[in-house]
Amino acid sequence: MAKQKKKRNKKYTGVDAATKRPSITRVSAVNRSRFGQWRHDHQRQLSIARTVAIIIVALIIIVSGVMSLF
């Protein structure tokens, strides 16, 4: 078997090397009220709290309905 040529694992940095493309960061600015900004920052926690509150209210309604049968 012929000896395999070692592969190059170092980037070429010579004069005619391909230039690295700049990374583009897109930012969108929104003018929110103080409460609106707080709500935007805590959106995930509010969603979880809303789901838990709905489940608790549903359980209270179900339990009160079962208790009224007796």
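Everything that follows concerns the structure shown earlier in this document.
Residues numbered from 1 in each chain as written. Predicted model: local features only at pLDDT ≥ 70, side-chain atom pairs only at ≥ 80, totals over all residues. Heavy atoms only, no water.

(A) Layout of the packing of aromatic side chains. This structure, assessed with the given rule, holds one aromatic pair. Taking 6.2 Å as the distance between ring centres and 25 degrees as the angle between the ring planes, the aromatic pair formed by phenylalanine 35 and tryptophan 38 counts as stacked. Placement of both phenylalanine 35 and tryptophan 38 in helix H1 (residues 34–41) is noted, with a separation of three residues, approximately one turn of the helix. With a relative accessible area of 42%, tryptophan 38 lands in the partly exposed category. (Phe/Tyr/Trp six-rings, centres within 6.5 Å; stacked < 30°, edge-to-face > 60°. Helix = DSSP H or I, 4+ residues; strand = E, 2+ residues; numbered from the N terminus. Buried < 20%, exposed > 50% of the residue type's maximum accessible area, 1.4 Å probe, protein only.)

(B) Region of the structure containing the packing of H1 against helix H2 (residues 43–69). It is the contact of H1 with H2, at a shortest axis distance of 5 Å, that shows an interaxial angle of 75 degrees. One element, H1, and the other, H2, form an angle in the roughly perpendicular class. Contact with H1, carried on its side by Trp38, Arg39, His40 and Asp41, involves Gln43, Gln45 and Leu46 of H2 and no other residues of that element. (Axes fitted to C-alpha atoms, helices over the stretch in contact; angles between N-to-C directions. Parallel < 35°, antiparallel > 145°, perpendicular 65-115°, else oblique. Contact = heavy atoms within 4.5 Å.)

Such coordinate-based values are descriptive only and should not be taken to indicate function.
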